[in-house]
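Per-entry structural report
Chain by chain, the residues:
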Amino acid sequence: MTVRLAPTSAGGRQTSDVAIEPTPEVAGRGSIDVSGVGYRYPGAAAERQVIDDLSFSVRPGEFVCVVGPSGCGKTTLLKLLSGLVPAESGGIHVDGVPVQGPPSNLGFVFQDHARALLPWRNAVRNVEFGLEAAGVARKDRRELARQALRRVQLPDVENLYPAQMSGGMQQRLQIARALAATPSILLMDEPFAALDALTRFALEDALLEVWRELGLTVVFVTHDLDEAVYLADRVVVLRRGPARVVRELQVELDRPRDQGRTRAEPEFVALRYELFETIRAL
Amino acid sequence: MNMAGIVAGLRPYVLGLAGIAVLTAGWAVVAAAELLDGVPPPLEVFSALGEQLTGAELWRATGHTVAVTASATAIATVIGVLVGAAIGMSAMMDRLLGSTINTLRFVPPVALIPVVLLIMGFGSGSEIVVGTFAALWPVLLNVAAASREIKSRFEDMTRIQRLGPVRKLFSVYVPGTVAATITGVRVAAALALILVVAIEMLAVPAGLGHQVRFAGNALQLPTMYAYIVWTGCVGLLLNSVLQATERYLRRP
Amino acid sequence: MGRRDGSGMGHLANVLIRLVLPAALIGLWQVASTSGWVNPVFVPPPDRVARTGYEMLTGGDLIPAAAATTGRALLGLAIAIVIAVPAGLVFASSRLADGLTYPAREFFRALPTVTIVPALMVIVGPGESLSVLAVVFGAVWPILLGTILGVRETDRVLLDVARVHRLSARRAVVKIRLPAALPQIMTGIRISLAIALVIALVVEMMSGHGGLGSMVVEARSRFRNTEVFAIVAVIGVVGLVLNALMVRIERRTRHDVPA
Ligand SMILES: Nc1ncnc2c1ncn2[C@@H]1O[C@H](COP(=O)(O)OP(=O)(O)OP(=O)(O)O)[C@@H](O)[C@H]1O
Ligand SMILES: [Mg+2]
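Everything quoted here is computed from the prediction, not taken from an experiment.

**Here's the deal with the pairing of strand β6 (residues 106–109) of chain A**
Side chains on a regular strand alternate between the two faces of the sheet. Residue and element names in this part refer to chain A. Here β6 shows no split at all, with L106 and F108 on one side and G107 and V109 on the other all buried. Pairing analysis gives 4 bridges linking β6 to strand β7 (residues 185–189), with the strands arranged parallel. When the sheet's bridge partners are listed, V109 is paired in β7 with M188.

In C-alpha cells:
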C-alpha cells in the first residue's frame, strides 16, 4: 500500500457532484446517555460482573475516546452502546430513545478488520452491503459507495477483494462501509491498533476530517494514550473489574490538529502525562 | 449437578432417540401401507438382524470386510506417509511425482475394479488393491501438506539449532505431521470401506457387500435390509473409533 | 502441488521432469507385456490399448456411454445440492431439527452408500431413476455436512456485522451465513462429485443399464480385455476432467485467499 497522509487542509481533497451530506434531520442528532449500566456475560464460568454502575454521556458531534486496561470491558461497552448486547441494569439512550437493538443511525467499525469485511465481496460491494442493509435503492448504491470510498481515500480499489488489501486499506474500507449509510454516530473499537505508525497517522487524520465534515458523534476505543489525546475532545478512562469511569479528561487542543505540531505542543504532552499517571495508578 | 444441568445433558440423546423413533415409524408406515415395493417392515428386518447376529455367517462376513478394509488402510497409510513426506520435504520429488499423483487421484477407484479383477482374480487381493488405491490419496495429500508446512516454518530453526537429520525427523517432522496423518487415515478408512463393499457386491464372493447382494438376489428382503443396517453400524463404529483416536492425538 | 518457474527454459524442464514418471510407467508396462513378464492376454500392452481405444472412440458407443454416465452423476449431484443446502441451513439454525436428525445423519454418512443400491433396485427397478436416486442418496451427505459446518462456524464478528446493520434473520442467512459457508459447501460438493461418479458406475456395473459401467462389465464378460483397459482409461479421463472443472469452479468462488 502507498501510505498517503491525508491532507489536513481542505484544498487537496477530492470533491464530487453529489456529496454525502449530513441530512438536516440527522445533523443535530447523535447524543448518547449511559446511566448506571451493569453487565455480566451470561453463562460465563464465574458470572463475573464485567461492567457495573457505569455512567457517562456524549454530546452530539463530540469525539470521545475511551481508554482503559486490557480486558476491562471496552469492547463490551461498545456492544452495549450499539445494542448488540442488552444491558442488565441501568439505561442506555441514543438521542433520548432507549437502546433495544442496533439503532439505525449508528455505524460500527470493528477491531478485527480481517474478520469484519465480507471476504466474498470486493471493495465496492462491501461498501454497498451497508447501503443494502439500510434499504438504499439499487441504482443509487454504486455511486454512494464510490463516494464513501473516495472519502476514506480509497478511490482505485473498487474491484479488489479484502484478501488482496493491506490492513490499512481494509480498515479504510470498513470505515467507508460504516459511513456509506450516513450514520450520525460512529462507534470504533481499537480500529487502528493493528496498523503501523505511518498508516495509523494517515487514518487518524482521515477520520478527523470525515468527522468534521459530517458532524459525526464518535466513540473511539483505543489502547494508545497518544492517539486518544490526539483525536479526542474528551478522554474517558475506565478501570478494570468491574468497569467504571474513573476520570474524564477534557482535551482543548486546537483543531484542525497536525500530527507533528499538535503532538509537540506542551498541552498535548501534559495531557498525555496526566492520562498515563491516571492509568498507572489504577 | 443440578436438575436443569442433567436435563440439558440428556437433551441430545432424547432428541436423537426421538428422531430415530420417528424415522422408524415412518419406515413402518411405508412398509405397512405398501407405499414402496419391496420394503419390509422394520420388525421383520430387526428380527432378521437378530437371527444373523446369532449365526456365524454375519460375523464371518464382518470379519472379512473389516480385515480387508484394515489391510487396505494400513498399506495406504504406509505408502501415503512415505510418498507424502517425500514430496512435502523435497521440491525435487514434488516436481517428479506431483503431477502424476494429481492425475491418478482423480481416477474414480471403481474404474480399477475390472482391471484388477482381470489381473488378480476374484480374491481378497483384488479387494485390498482397490481399497488401497482409494485410501491412498487422503493420507498422502495430508502428509504432503503438513510436512511442506512444517518445512517452511521450521527449516531455518532446525538449521540454527544444528539438528541432525534423525533428530529433525523425530523431534520436528513426526510430531508436526501426526495429527494431519490421522485425519487422512480416518477419511482413508471410510473410502476403503466403500470400495471394499462395492467390489464385494460386484465380484468378490465374500464379506458384507456380497451378503447384501446375495440376499437381494435371493429376494430375502428382510435379510438384505438387516445387512444394510449392520454395514452402517460397522461403518459408524469404524468412524467413531478413528474419530476418538484423532481427538486423542490432537488434544493439546 | 503447482510451483511456477519463471523462465521459458525452466518451464520446459519442469514439464519434462513431470513427464518422466508417467513415461517410465508406461514404458515399463509396454516392456512387461510385450516381453511376456505378464500375460499379454490379461494385460495388453499400452499401444494396443491406445489403438483399441481410438477405434472405439471414433466408431463405437464409447462417447454416448461416457455422456450417459456423466449425465447421471451430474444430475444426481445437482439434485443432491438442491436438497442438501437448504436442509443444511435448517439443521444449522434449528437446534431441534439438528438434534432430531443427528444420529440418523451420522448413520447414513457412515453407511457405505453402495449397499443401498440392491434395495433401490428392488424398490424402483433398474433404469434411469435407479442411477439418479442412488447418486442422490450417496451425494447428499457430504454437502449436508459441509453446509451445516459452514453455516454454524460463521465468524461471530460477521454475525455482529449483520446485526449492527439491522439485517433480519432471513436476510442475514442470504447475505452472510450462506456466502460465509460457501467454501465449505464447495468442499462438500467436490467430495460428493467423486462419490456420484463412483455410484453411477457401480449402479451401471450392477444393473447393466447402459453407460461406461455396463460397457466395461460386458467387455470383461466377453474376455475383450483390451477394450476393458481402454474403457477404464476413458473412465479415468472423465473423472479427471470433471474434477478439474470442479476445482476451477471452486477456486472462482473463493476470494478469501489471495489469487
Ligand atoms: N463472550 C464472552 N463471554 C464471557 N466473557 C467475556 C466474553 N467477552 C469478553 N468477556 C470478558 O469480559 C471482560 C471484558 O472483555 P472486553 O472484550 O470487553 O475487554 P476489552 O477492554 O475490550 O479488552 P481488550 O482491550 O483486550 O480488547 C474480559 O474479562 C473478558 O474475559
Ligand atoms: Mg476489545
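**A few points about the arrangement of the chains**
When the 2 pairs of chains in contact are compared, the highest contact count belongs to chains B and C. Looking at chain A next to chain B, you find no contact at all, with the nearest C-alpha pair sitting 12 Å apart.

**Considering the sheet that holds strand β4 (residues 89–94) of chain A**
Residue and element names in this part refer to chain A. Overall, antiparallel pairing links the 4 strands, which are arranged β2-β1-β4-β5 in an open sheet. With one partner strand each, in any of the chains shown, β2 (49–58) and β5 (97–98) form the two edges of the open sheet. Strand direction decides the pairing type here: strand β1 (residues 32–40) and β2, joined by 6 bridges, are antiparallel. Bridge pairing in β2 links V34 to F56. Running over the sheet, helix α2 (residues 74–81) touches β1, β2 and β4 and is turned about 60° from β2.

**Examining the nonpolar core**
B:M224, B:Y225, C:I143, C:L212 and C:I231 are the most contacted members of the largest nonpolar core, which has 125 residues in total. With 16 residues, the single largest contributor to this core is helix α8 (residues 169–207) of chain C. Each of domain 1 (1–39) and domain 2 (40–249) of chain B gives at least three residues to this core. Not counting residues within four places of it along the chain, the set of residues in contact with C:I143 comprises C:L77, C:A80, C:I81, C:A84, C:V85, C:I185, C:G188, C:I189 and C:S192.

Conventions and cut-offs
Residues numbered from 1 in each chain as written. Chains lettered and ligands numbered in written order. Predicted model: local features only at pLDDT ≥ 70, side-chain atom pairs only at ≥ 80, totals over all residues. Heavy atoms only, no water. Buried < 20%, exposed > 50% of the residue type's maximum accessible area, 1.4 Å probe, protein only. Helix = DSSP H or I, 4+ residues; strand = E, 2+ residues; numbered from the N terminus. Pairing = 2+ DSSP bridges. Contact = heavy atoms within 4.5 Å. Axes fitted to C-alpha atoms, helices over the stretch in contact; angles between N-to-C directions. Core = buried A, V, L, I, M, F, W, Y, C linked by side-chain atoms within 4.5 Å. Domains from an automatic or database assignment.

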